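Structural description and commentary
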Amino acid sequence: MRRLMFLIPLVLFLGLAGWFGVRLKQIDQGDTPDRLPSVMIDKPVPAFDLPPLVEGQPGVASKELADGKVRLVNFWASWCAPCRAEHPILMRLAGQGVDIRGIDYKDKAADGQAILARDGNPYAAVARDESGRTAIDFGVYGVPETYVIDRQGRIRYRQVGPITPQDLQNRILPLINELSK
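Positions within a chain are numbered from 1, following the residues in the order the chain's sequence is written. Reporting of local features is limited, given that this is a predicted model, to residues whose pLDDT is at least 70; pairs of side-chain atoms are given and counted only at 80 or more, and all residues count toward the totals for whole chains, interfaces and linings. To obtain the side-chain values, all non-hydrogen atoms of the structure were used and water was disregarded.

Looking at the secondary structure, you find D99 in strand 4 (residues 99–105). Of the polar contacts made by the side chain of D99, one reaches the side chain of R71; its length is 3.4 Å. Note on contacts: a residue pair qualifies if any of its non-hydrogen atoms lie within 4.5 Å across the two residues. Residue contacts for D99: discarding those within four places in its chain leaves K69, V70, R71, L72 and A124. Secondary structure elements follow DSSP: runs of H or I of four or more residues count as helices, runs of E of two or more count as strands, with numbering from the N terminus. Pairs of N or O atoms within 3.5 Å make up the polar contacts considered here, provided that, within protein, one atom can donate a hydrogen while the other can accept it, and that residues adjacent in sequence are counted only when both atoms are side-chain atoms.

This is the structure:
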């Protein structure tokens, strides 16, 4: 019985080491934690029609996203620190002519407006998702999340978390270029 007591920790250690080894191999093959699966990939964007963040400017609606143009839909919020970190990348993309639609998630309108006034507005249109319903329909886990939408209004890629320069160069821009052909 005493020997069995000494074997239990060894077995637990070997099991845990094996699990870590398998997980490291998965990460090495590109299966990283930021690649959360989405059932929405290759499906049409969910139906929605959101009011504008700024009165008198356009909001965002699903029917606009199937007009033959490739674009990004970015869920963000003024209270979201990672959103602020990705903001310069969104500004650069907008400066390069990428059409980005912004959806301010569960935020006070004045706070969202203040961020865009201070840091610049990369969005061709920006709307408010005050209830969070549209984000739920997209499958958003948290902000920021960005979706690449193809010409037919289908979701082709989901970026969980802030867009990094590596994400932009390795995933997002190549996909936008491919879908724009």
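Moving on, we get to the sheet that holds strand 5 (residues 125–129). By this definition, two strands are paired if DSSP reports at least two bridges between them. The sheet built from 5 strands is open, its strands ordered 5-4-3-6-7 with mixed pairing. The strands lining the two open edges of the sheet, one partner per strand, are strand 5 and strand 7 (155–160). The mean inter-strand angle of the sheet, taken between neighbouring strand axes irrespective of direction, is 20 degrees. Where strand 3 (residues 71–76) and strand 6 (residues 145–149) come together, 5 bridges link them in antiparallel fashion. Looking at the pairing, R71 lines up with I149 of strand 6. Contacting strand 3, strand 4 and strand 6, helix 2 (residues 81–95) runs over the sheet at an angle of about 160 degrees to strand 3. Taken strand by strand, helix 5 (residues 165–180) contacts strand 3, strand 6 and strand 7, and its axis lies near 165 degrees from that of strand 7. Orientation is described by lines fitted to C-alpha atoms, with helices fitted over the stretch in contact, and by angles between N-to-C directions that extend from 0 to 180 degrees.

Sizing a probe to match a water molecule and rolling it over the atoms shows the empty space that remains. With a 1 Å grid laid over protein atoms only, a set of points is called a cavity when a 1.4 Å probe fits there but cannot get out and a pocket when it is open yet has protein on both sides within 12 Å along at least five of seven lines; lining residues have an atom within 4 Å of a point. Grid points are joined across faces, edges and corners, and a volume is the space filled by probe spheres set on the points. Inspection of every chain in the model, using the stated rule, returns 1 cavity of 30 Å³ or more. What the largest cavity holds in volume is close to 70 Å³. Forming the boundary of the largest cavity are N74, W76, A77, S78, C83, R84, E86, H87, L90, I115, L116 and Y123. Residue assignment for the lining of the largest cavity shows that the elements contributing at least two residues are strand 3, helix 2 and helix 3 (109–119). The element contributing the most residues to the lining of the largest cavity is helix 2, with 5 residues. Looking at the lining of the largest cavity residue by residue, the class counts come to 7 nonpolar, 3 polar and 2 charged. Amino acid classes used here: Ala, Val, Leu, Ile, Met, Phe, Trp, Tyr, Cys and Pro are nonpolar; Asp, Glu, Lys and Arg are charged; the rest, including Gly, are polar.

In this model, helix 2 (15 residues) spans 22 Å end to end at C-alpha, consistent with the 21 Å of a helix rising 1.5 Å per residue. Here the bend at a residue means the angle between the axes of two seven-residue stretches, the one that ends at it and the one that starts at it. Taking the largest bend as the criterion, helix 2 deviates by roughly 40 degrees, centred on H87, and proline P88 comes between one and four positions later. Only protein chains enter the accessibility calculation, which uses a 1.4 Å probe; a residue is then buried when its area is under 20% of its type maximum, exposed when over 50%, and partly exposed in between. The set of residues buried in helix 2 consists of C83, E86, H87, I89, L90 and L93. Check the buried side of helix 2 and you find it contacts strand 3, strand 4, helix 3, strand 6 and helix 5. Residue G97 follows helix 2 closely and has a positive phi angle near 95 degrees. Given a helix with a known number of residues, its expected span is that number minus one, times 1.5 Å.

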